[in-house]
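Examining the three-dimensional arrangement
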Amino acid sequence: MTTTITTTLSPETRVKRAPGRRIALHVFLWVVALSWLFPLVWAVINSFRDYAYTAIHGYVSLGGFTLQNYANAWRQGEFGLHFWNSAVITVPAVLLTLFLASCMAFVLARFSFRFNLTLLGVFLAANLLPPQALLVPVYRMFRAVSLPDWLSSSGSLLNNQLGVILVNVAFQLGFCTFVLSNYMKTIPAEIYESAKVDGAGVARQFFQLTLPLCRPPLAALATLQVTWIYNEFFWATVLLQSGDKFPITSSLNSLQGQFFTDYNLLSAGSVLAMLPVLLIFFALQRQFVSGLTLGSTKG
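Residues numbered from 1 in each chain as written. Predicted model: local features only at pLDDT ≥ 70, side-chain atom pairs only at ≥ 80, totals over all residues. Heavy atoms only, no water.

Here we come to the packing of helix α6 (residues 116-128) against helix α8 (residues 161-184). The N-to-C vectors of α6 and α8 enclose an angle of 130 degrees; their axes lie 7 Å apart at closest approach. In terms of orientation, α6 and α8 fall into the oblique class. In the packing of α6 onto α8, the handedness of the crossing is left-handed. In this structure, α6 uses Leu-120, Phe-123, Leu-124, Ala-126 and Asn-127 to contact α8, whose residues at the interface are Ala-170, Phe-171, Gly-174, Phe-175, Thr-177, Phe-178 and Ser-181. Partitioning the contact of α6 with α8 into residue classes produces eight nonpolar, four polar and no charged. (Axes fitted to C-alpha atoms, helices over the stretch in contact; angles between N-to-C directions. Helix = DSSP H or I, 4+ residues; strand = E, 2+ residues; numbered from the N terminus. Parallel < 35°, antiparallel > 145°, perpendicular 65-115°, else oblique. Left-handed = near helix turned anticlockwise from the far one by under 90°. Contact = heavy atoms within 4.5 Å. Nonpolar A, V, L, I, M, F, W, Y, C, P; charged D, E, K, R; others polar.)

One water molecule sets the probe size; rolling that probe over the atoms shows where empty space is left. All told, the structure shown has one cavity of 30 Å³ or more when counted by the stated rule. Its volume calculated, the largest cavity comes out at about 50 Å³. The wall of the largest cavity is formed by Ser-86, Ile-89, Thr-90, Val-164, Asn-168, Ile-229, Tyr-230, Glu-232, Ala-236 and Pro-247. Sorting the residues of the lining of the largest cavity by element identifies α5 (79-110), α8 and α11 (215-230) as the ones contributing at least two each. (1 Å grid on protein atoms, 1.4 Å probe; cavity = no way out; pocket = protein on both sides within 12 Å on 5 of 7 lines; lining within 4 Å. Points joined across faces, edges and corners; volume = space filled by probe spheres on them.)

Attention now moves to the layout of surface pockets. By volume, the largest pocket is sized at about 320 Å³. Lining the largest pocket are 14 residues, with Leu-40, Asn-231, Met-274, Val-277 and Leu-278 sitting closest to its centre. At the level of secondary structure, the elements contributing two or more residues to the lining of the largest pocket comprise α2 (19-47), α13 (249-254) and α14 (263-283). Broken down by element, the lining of the largest pocket gets its largest block of residues, five residues, from α14. A per-class count over the lining of the largest pocket returns eleven nonpolar, three polar and no charged.

Summed over the entire model, instances satisfying the criterion amount to 13 aromatic pairs. What links up through ring pairs into an aromatic cluster is the set Phe-106, Phe-111, Tyr-192, Phe-206 and Phe-207. (Phe/Tyr/Trp six-rings, centres within 6.5 Å; stacked < 30°, edge-to-face > 60°.)

Our next topic: the side chain of Asp-262. Note on placement: Asp-262 falls in the loop between α13 and α14. Here Asp-262 sits buried without a salt bridge, and the closest side chain of opposite charge, Arg-49, lies 10 Å off (N-O distance). Separated by 3.1 Å, the side chain of Asp-262 and the backbone nitrogen of Asn-264 make a polar contact. (Buried < 20%, exposed > 50% of the residue type's maximum accessible area, 1.4 Å probe, protein only. Lys, Arg positive; Asp, Glu negative; His and termini not counted. Salt bridge = Lys/Arg side-chain N within 4 Å of Asp/Glu carboxyl O. Polar contact = N/O pair within 3.5 Å; in protein donor to acceptor, adjacent residues only side chain to side chain.)

This brings us to the nonpolar core. Soluble, globular proteins show a tendency: their nonpolar side chains are buried together. One finds Leu-98, Phe-142, Val-167, Leu-180, Met-184, Trp-235 and Leu-239 to be the most contacted residues of the largest nonpolar core, which totals 45 residues. Looking at this core, the elements with two or more residues in it are α5, α6, α7 (135-144), α8, α9 (189-197), α10 (202-213), α11 and α12 (234-239). Here Leu-239 is in contact with Phe-142, Leu-158, Asn-159, Asn-160, Gly-163, Val-164 and Val-167, once residues within four sequence places are set aside. Residues Tyr-70, Tyr-230, Ala-268 and Leu-272 belong to the second largest nonpolar core, which totals 14 residues. (Core = buried A, V, L, I, M, F, W, Y, C linked by side-chain atoms within 4.5 Å.)

Next up on the list: unusual backbone geometry. The phi angle at Glu-78 is positive, at roughly 50 degrees, despite the residue not being glycine. The residue Asn-159 is not glycine, and still its phi comes out positive at about 55 degrees.

A separate point is α10. Helix length check: α10 (twelve residues) gives 15 Å between terminal C-alpha atoms against 16 Å at 1.5 Å per residue, within 8%. Buried within α10 we find Gln-205, Phe-206, Leu-209 and Thr-210. All buried residues of α10 fall inside an arc of 130 degrees around its axis, so they share one side. Turning to α10, the residues buried within the fold contact α5, α8 and α9. (Expected span 1.5 Å × (residues − 1). Arc of directions from axis to C-beta.)

Turning our eyes to something else, we now look at the packing of α5 against α10. Viewed as axis vectors pointing N to C, α5 and α10 meet at an angle of 115 degrees, and their least axial separation amounts to 11 Å. Relative to α10, α5 is oriented roughly perpendicular. Seen along the crossing, α5 lies across α10 with a hand that is right-handed. Together, Phe-99, Ser-102, Cys-103 and Phe-106 of α5 and Val-202, Gln-205, Phe-206, Phe-207, Thr-210 and Leu-211 of α10 make up the contact between the two elements. In terms of residue class, the contact of α5 with α10 is made up of seven nonpolar, three polar and no charged.

Keep in mind that these numbers describe shape and distance, not what the molecule does.
See the structure below:
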């Protein structure tokens, strides 16, 4: 009679038996991280350097440090005005996108009807089309829309920040709806049944039950949406025609000359432009990470 003994190695034992594999993995991760961070770190270093010094000694050198690049970039790029324009576009667009996506995701997740999946596919279809393919029809449609004078000085959605807000909401709505609907489907149905027994209607279930439970994915989506809409340049260039209405991305464009570009000045402007996004990310970092890792430990 033969007895077969099966042993199961713990994860710690397997790691100890393969130290070379672990070291190789760590080296690979460090190389990837440094390769990813190098352009950013190099831009920050050059933003503190004088162009005259780098013109003589080259960019692969140290010295000529100054803070004047930031003052010149702020003044030459009119960063104060364009920061305000970006806030006027980004804040309403993000809030409106998340609210509408939450409403649609709640309907798709909690109610079963004939065209449930079809409706979700329609929302996602907008993300499959490149913006350039819709340039001409969107431009003509926005030009044909008539608005009262108190809402638009041009009488249409062209050269109006409202048009940029609406087009960003339209393109970001599908992705947010998809993410939120998948998360809302993981909320136990027993919670809603208990709410119904307590007399909670659909509106109360949505505002007082679903939205508080969706804070992690909403925080993660808010961080992503702020980054995408804040850095968006294509639709702002197409739909806006007055320089005093352009977002912050146009400030960087104005720092580039026709025949000459001071890359140290441009680096300083890039650092100034990315500061609001970094502050928002660090403020929502915990919620952002928890929102991205939802469901990773289930099973």
